[in-house]
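Fold and contact review
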Amino acid sequence: MRILAIDHGTKRVGVAISDETATIAQPLEFIPAQPQANLLNRIAELVAQRNVHEIVVGLPRNMNGTFGPAADSVREFVASLQQAVTVPVKTWDERLTSVQANRFLIDSGVRRDKRKQKVDQTAAAILLQSYLDRAGG
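What this report covers is the structure whose coordinates are included nearby. (Residues numbered from 1 in each chain as written. Predicted model: local features only at pLDDT ≥ 70, side-chain atom pairs only at ≥ 80, totals over all residues. Heavy atoms only, no water.)

**So, the environment of Asp72**
Inspection of the secondary structure assignment puts Asp72 in helix H2 (residues 69-84). A sequence separation of 53 residues divides Asp72 from Ala125, and the C-alpha atoms of the two residues are 22 Å apart. (Helix = DSSP H or I, 4+ residues; strand = E, 2+ residues; numbered from the N terminus.)

**Let's talk about unusual backbone geometry**
For residues other than glycine, phi is negative in most cases, and the peptide bonds are mostly trans. Cis geometry marks the peptide bond from Gln34 to Pro35; its omega dihedral reads -5°. Assignment of secondary structure puts Pro35 in the loop between strand E3 (25-32) and helix H1 (36-49). One non-glycine residue with positive phi stands out, namely Ala22, at about 55°. With respect to the element layout, Ala22 can be found in the loop between strand E2 (12-18) and E3. A positive phi angle, near 55°, is found at Asn51, a position not held by glycine. Along the chain, Asn51 turns up in the loop between H1 and strand E4 (52-59). Judged by its relative accessible area of 51%, Asn51 falls in the exposed class. (Buried < 20%, exposed > 50% of the residue type's maximum accessible area, 1.4 Å probe, protein only.)

**Digging into the pairing of E3**
The sheet contact formed by E2 and E3 spans seven bridges and is antiparallel. Its bridge partner lying in E3, Ile17 is registered against Gln26. The turn joining E2 and E3, which pair antiparallel and follow one another in sequence, is formed by six residues; a positive phi near 55° is taken by Ala22. (Pairing = 2+ DSSP bridges.)

So this is what it looks like as structure tokens:
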């Protein structure tokens, strides 16, 4: 049972996927956020191609736990996504995933020009791994 994770951004959307046992997350790709129709089509393709049974979308929260304007944007995206796919779509707290992703890429020696391409899908993998760890434990 594969799970797809989405780190939704205004410019790029990071995507990660779990293994078949829903134990390990790995970065998959990033997709341009606009036009949204192309984004939704690509996600629907991934769901079909990769035999995905569930999608988890990162829901940004402020450090004090409240929701800001970015969360409203993600909720609108989730509503559109639910119309485009036939699998369940859930949200998951994504606080600090981009910070963690950048730190991980820097520590891994990824050059600055390459980090920008990898940070979104790495953040999605961190988001997904936290979801998998919580669901399994």
